Structure formats: C-alpha cells, structure tokens
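# Secondary and tertiary structure notes
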Amino acid sequence: MGFSQALSGLNAASTNLNVVSNNIANSQTVGFKSSTTQFADVYAGAKVGLGTRVSDVVQNFNSGNLETTDRGLDLAISGSGFFRLEQGGQVVYSRNGQLTLTSDGYLENAQGARLMGADGVIQIPSDGLQASPTDEVAATLNLDAGAEAVTATFDATDPATYSYANTATVYDSLGNAHELSLYFTKTGTNTWEVHAALDGDVSADSQSVSFTSSGVLDAYAPGNFGFTLTNGAADIGFELDLAGTTQFGNDFEVSSLTQNGYTAGSLVGFTVDENGNIVGNYSNEQTQILGQIQLASFRNPEGLQPVGDNVWIETAASGQALVGVAGAGQLGTLESGVVETSNVDLTKELVNLIIAQRNFQANAQSVKTQSDVLEQAVNLGR
C-alpha cells in the first residue's frame, strides 16, 4: 500500500509542478490567467489513507495590471468582461486585446480570431464620408444696444444700410463650400432685422428679431433662408438659430458661429472609446461611429475551458455568455493604447515551484524508503 500512496503523491506533485511551470512560462503572456492546483486525500473505508489526488485545477480570473503601449489597436478591459472573437466558425473569449487591422478591414488577434460586435464580426468600412449640405446655422452674439436705427433700404453692397455683418462657410449637397454673409440691421428700439447672402447673392428671406428691455431675446423663433444654386447641387435652405444672442450696451461681438454641413472626406483613422464605439476620423474633420465592440461575462468564469492561443470557450460549468456593451453592468469599460498583463505573481510562483519540488522529492524519498523496507523484508525471509 505504501508504494501506491507515494506514487499518488508523485503524480499529484508532478501535476502541481506542471501547473506552476505553466504559470511561470506565461508570466509575460498578455491576458493570461494563472491556475492553482487543488488536492484531495483518498480513503477507502480504512483509517489509513490511500494517498492523494488532484481534485481540480482552478483558474484565477483576477485582473492583471494595465500597461500602456500607446498603440491604438491594443485594447484592455477594465472590469470582468471578455472580448468575443470568431475563430474557425466558433465564438471564443479572450482578455488579450492585441489586435491588428487586416487589408479587408477586420480586427484580428495574432491567431486570426476576429473581434465581434452586436451584428457579428466587425469590419471597418473603407468608404469615404459623403458630403452633407448645411441646413442649420447657429450664431450667438451681442448686438450693440447703442447702435443707431437704420432707415435706408437694405443693400448688401452698402455698409450704411446695415449695422453689423459677419461671415461663415457653408456647404451644398456636393460638398462645395460657399461664403455665407449675415447682416444685422437695427430697425427700431429693441428690434432688428437679419438678412443673408450666399456668395454675394442676397436671399429674399429675412428674419425679425426683438429684445426685451433687459437685452435678452423676446418671443424668439429661428428664421429660415433659402438660396438657388446653379452648380448642379441642390438648392441650399437652412434654419438660422440665434438663441442666446443679446442686446447689451457693448460692442458687436460674436461668441459662436456654427453650421452642420461638411464636404466629403476619406477615412484617415479610427479610435475606440470606453464604451467600445469604433469612431472613424475623416479628412473633413468629421467623425462617425463605424461599429461597437460587445463584451461577454459569465456567471462562473472558472468554468471556462482554456483552449490555447489566449482564448477560452464556454462550458456547462461556466454558463452561457451574457453579452452587452462595454460600461454596462459588470462587463467593464474599454481602454485603448493599453494591454492587460498576465496576472501571474512571479515571486509567488517561484516560491510555489520550490515547495512543489520539495513535495515531489519527499514523495520520491517515500518510494525509496518503501523499496528499502521491502528489500530488507525479502532478505530476512531467505
């Protein structure tokens, strides 16, 4: 019986050495999770045990440290979620977010597994961003309350027929830029009129603006302006919003002047935000969400089965994947330019290695002792 006890100890110690050695070997593997060997004694109805066995090898899913790489396609999860990847027709899960962009727009890890979103595998489109015509213009300014009222008929070419003017760039449906001029004319006490011209052509539309005795807008509503184009683009029509404009006894001053149109642009890069949105950056200084990364969590992550290449697959023990967007629940947020290092405590594992080695040597010594005792018993029987 003594041989079987010692052999069980050797087998268990050998397994423990393998687990510890694997932890040490993967101390620099991004997203790796260390494991611990659990032992159980063996009895068969007698007071003297039959040795030991490995009852389980348990994975430790505590987060590793986050390490900055300054590489945009290095992603890390700050939380307990997993990346979802498609590999060989199977959905796998990983904590390693080291990705590359393929020539056809897929985000892949080093093993070719492709990152997934809500609608399956994510593919970054290479298409440019179409032009968008201006249909909203917003201006916030102060109109000088001390300005003299103008009685002359408005003429864009005659500064004496208006009180103040400003310009902005707007865009037509083909992405062509046009110069928009806004003219503000004081028509009476606390009342003004706004005219607009596009590339020098004055719109037939105008907007009346009035202020209270406190200098704030009174019963204000945005005005509409339209222009006919002859360059093949659709006619431009936009709403002019002057919300926030004041009439104080200060000089004319523009706080902001914005419009929502833009010319066509090509994709020049993209970033990933903390919610997993893949945000495309275009040459026309516009941005657009191109997709969203989805993360997964498990009721029992220790039940996941490691299959190598930094990925796991779900099992009955882990439960089904609970899928959602980053930042929701316990999934965690995403960080770009960062990787999660292995959670192996190398110092601790080196100590565990010494202990496992001594355990193995002790069991080997037990085998030798049992052999010596048996040999002496055989010699006595001769």
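Above this text you will find the structure in question.
Residues numbered from 1 in each chain as written. Predicted model: local features only at pLDDT ≥ 70, side-chain atom pairs only at ≥ 80, totals over all residues. Heavy atoms only, no water.

All right, on to the overall build of the protein chain then. Assigned secondary structure in the protein chain consists of 2 helices and 28 strands. For a compact globule of 382 residues, the expected C-alpha radius of gyration is about 21 Å, and the protein chain comes in at 36 Å, more than 25% above that figure. Overall size of the protein chain, expressed as C-alpha extent along the three principal axes, is 135 × 45 × 30 Å. Contacts in the protein chain between residues far apart in sequence, at least 24 positions, make up 60% of those at least 6 positions apart. Approximately 19900 Å² of the protein chain is accessible, and the part contributed by carbon and sulfur atoms is 47%. Separation between the mean location of the 13 positive side-chain charges and that of the 40 negative ones in the protein chain comes to 35 Å. (Helix = DSSP H or I, 4+ residues; strand = E, 2+ residues; numbered from the N terminus. Rg over C-alpha atoms; globule rule 2.2 N^0.38 Å. Contact = heavy atoms within 4.5 Å. Areas by Shrake-Rupley, 256 points an atom, 1.4 Å probe, with all protein chains shown as cover. Lys, Arg positive; Asp, Glu negative; His and termini not counted. Charge placed at Lys NZ, Arg CZ, Asp CG, Glu CD.)

On to the side chain of threonine 245, then. If you trace the backbone, threonine 245 turns up in the loop between β18 (236–241) and β19 (253–259). Classification of threonine 245 by relative accessible area gives buried; the value is 3%. Polar contacts involving the side chain of threonine 245 include one to the main-chain carbonyl oxygen of alanine 139, which spans 3.4 Å. Within polar-contact distance, the side chain of threonine 245 engages the backbone oxygen of leucine 242 at 2.8 Å. Excluding residues within four positions of it along the chain, threonine 245 makes contact with Ala139, Thr140, Leu141, Leu143, Phe211 and Leu217. (Buried < 20%, exposed > 50% of the residue type's maximum accessible area, 1.4 Å probe, protein only. Polar contact = N/O pair within 3.5 Å; in protein donor to acceptor, adjacent residues only side chain to side chain.)

Next up on the list: the environment of valine 121. Mapping valine 121 onto the fold places it in strand β11 (residues 120–121). Not counting residues within four places of it along the chain, the set of residues in contact with valine 121 comprises Glu86, Tyr106, Arg114, Leu115 and Met116.

This paragraph deals with the pairing of strand β10 (residues 114–117). Sheet topology places strand β5 (residues 82–87) next to β10; 2 bridges connect them, and they run antiparallel. Pairing of glutamate 86 across the sheet is with arginine 114, part of β10. Summarising the sheet, β10 and β11 pair through 2 bridges and their orientation is antiparallel. In the sheet register, glycine 117 faces β11, and the bridge partner there is glycine 120. Remark: 2 residues form the turn of the hairpin made by β10 and β11, two consecutive strands paired antiparallel. (Pairing = 2+ DSSP bridges.)

A separate point is the nonpolar core. Soluble, globular proteins show a tendency: their nonpolar side chains are buried together. With 26 residues, the main nonpolar core has Phe83, Leu107, Leu115, Ile278, Ile293, Leu295 and Leu334 as its most contacted residues. Sorting the residues of this core by element identifies β4 (74–78), β5, β20 (267–272), β21 (277–282) and β25 (311–313) as the ones contributing at least two each. Each residue touching leucine 334, except ones within four places of it in the same chain, is listed here: Ala76, Ile77, Phe83, Val272, Asp273, Glu274, Gly276, Ile293, Leu295 and Ala326. (Core = buried A, V, L, I, M, F, W, Y, C linked by side-chain atoms within 4.5 Å.)

What follows is about the sheet that holds strand β7 (residues 97–98). Read from one edge to the other, the open sheet built from 3 strands follows the order β7-β4-β27, with strand pairing classed as antiparallel. Of all the strands in the sheet, just β7 and β27 (333–336) have a single pairing partner and so form its edges. The pairing of β4 with β7 spans 2 bridges and is classified as antiparallel. From the neighbouring strand, leucine 75 faces β7, where its bridge partner is glycine 97.

Sheet architecture is open: 4 strands sit in the order β13-β14-β15-β16, paired in antiparallel fashion. Each of the sheet's edge strands pairs with one partner strand only, and the pair in question is β13 (164–171) and β16 (201–210). Within this sheet the neighbouring strands show an average axis-to-axis angle of 25°, counted without direction. (Axes fitted to C-alpha atoms, helices over the stretch in contact; angles between N-to-C directions.)

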